[in-house]
Amino acid sequence: MSIQAESSNMPAPVVTDLEFCPWCGSILPLISRLSDVVCCQRCQFKRSVKEYESSMEEFTIQFTEKKTEKTQVDIYEEKSDEELIGPTVERQCPRCNHDIMTYTTRQTRSADEGQTVFYTCIKCKLFGLWDVKQ
């Protein structure tokens, strides 16, 4: 099939999808029920609506899983004694029930939200992120 401009008998320089103008590469407007041609608004290329009759478009919509709020130990690992330097706080460890933990803070979200606090137990060296609503 050779694509030609209605005002010219020259073939188009490239073969494109029906959504794009083969002359200038612009996106063609949607098909109108009032006209039997689709006209490029940039270069005035015209394509017959009949060319669209055999085309079919398919779409796949992918949904992401809903995120749940973090209310328990979300991440944890054991830390070495060298990594336990820092401020302490009276907070109960969920593993050994010791009452003193060290903490560090990191800005993990946008600047207008609070910092994320990571706690480490001094006794059993459990490191984790716990909900601050406790």
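Everything numeric in this text was worked out from a predicted model, so none of it was measured. The written sequence of each chain sets the order in which its residues are numbered from 1. In view of the model being predicted, local features appear only for residues whose pLDDT reaches at least 70, and side-chain atom pairs are presented and counted only at 80 or more, with totals across whole chains, interfaces and linings using the full set of residues. The side-chain numbers reported here are obtained from all heavy atoms of the structure, hydrogens and water having been left aside.

A. Expanded view of the overall build of the protein. Helix and strand content of the protein: zero helices and seven strands. Excluding contacts between residues fewer than 6 apart, the proportion of contacts in the protein whose partners are at least 24 apart in sequence is 36%. Element-wise, carbon and sulfur atoms account for 50% of the exposed surface of the protein, whose accessible area totals about 10900 Å². Numbered from the N terminus, helices here are DSSP runs of H or I no shorter than four residues, and strands are runs of E no shorter than two. We call two residues in contact whenever any of their non-hydrogen atoms come within 4.5 Å of each other. Each accessible area is a Shrake-Rupley estimate made with a 1.4 Å probe; only the visible protein chains count as cover when residues are assessed.

B. The arrangement of the pattern of salt bridges in detail. Whenever a carboxyl oxygen of Asp or Glu lies within 4 Å of a side-chain nitrogen of Lys or Arg, that contact is scored as a salt bridge. One pass over the full model with this rule turns up two salt bridges. In this structure, Arg47 engages Glu51 in a salt bridge whose closest nitrogen and oxygen atoms are separated by 3.4 Å. Only protein chains enter the calculation, and the probe is 1.4 Å; a residue is then buried if its accessible area is under 20% of its type maximum, exposed if over 50%, and partly exposed in between. Classification of Glu51 by relative accessible area gives partly exposed; the value is 26%.

C. Geometry of unusual backbone geometry. Positive phi is not limited to glycine here, since Asn97 has a value of about 65 degrees. For Asn97, the location among the structural elements is in the loop between strand 4 (88-90) and strand 5 (100-106). Positive phi, close to 70 degrees, is recorded for Lys125, a residue that is not glycine. Inspection of the secondary structure assignment puts Lys125 in the loop between strand 6 (116-121) and strand 7 (126-129). By relative accessible area, Lys125 is classed as buried at 18%.

D. Highlighting the side chain of Thr116. With respect to the helices, strands and loops of the structure, Thr116 is situated in strand 6. For Thr116, a relative accessible area of 10% translates into the label buried. If sequence neighbours within four positions are ignored, Thr116 has contacts with Thr104, Thr105, Arg106, Thr108, Arg109 and Leu129.

E. Representation of the pairing of strand 7 within the structure. Side chains of strand 7 alternate between two faces, with Leu126 and Gly128 and Phe127 and Leu129 buried alike. Pairing between strand 6 and strand 7: three bridges, direction antiparallel. Across the sheet, residue Thr120 finds its bridge partner in strand 7, namely Phe127. Strands qualify as paired when DSSP identifies two bridges or more between them. Where strand 6 folds back on strand 7, the antiparallel hairpin that results is connected by four residues, among which Lys125 adopts a positive phi of roughly 70 degrees.

F. Up close: the pairing of strand 6. The buried fraction of strand 6 amounts to six of the six residues, a majority that puts the element mostly inside the structure. In strand 6, alternate side chains face the same way, and those of Thr116, Phe118 and Thr120 on one face and Val117, Tyr119 and Cys121 on the other are all buried. Bridge analysis of strand 5 against strand 6 gives six bridges, and the strand direction is antiparallel. Bridge pairing links Thr104 to Phe118 in strand 6.

G. View of the confidence of the model for the protein. Looking at the protein as a whole, its pLDDT mean stands at 76, while 71% of the residues score no less than 70. pLDDT gives the predictor's per-residue confidence on a scale running from 0 to 100. When pLDDT is averaged over each helix and strand of the protein, the minimum, 53, is found for strand 3 (residues 76-78) and the maximum, 90, for strand 1 (residues 37-39). Overall, residues 1-8 carries pLDDT values under 50, and its contacts beyond four positions in sequence, including any with other chains, amount to 17 contacts. pLDDT under 50 marks residues 71-75. Its contacts with residues more than four places away, or in other chains, come to eleven contacts.

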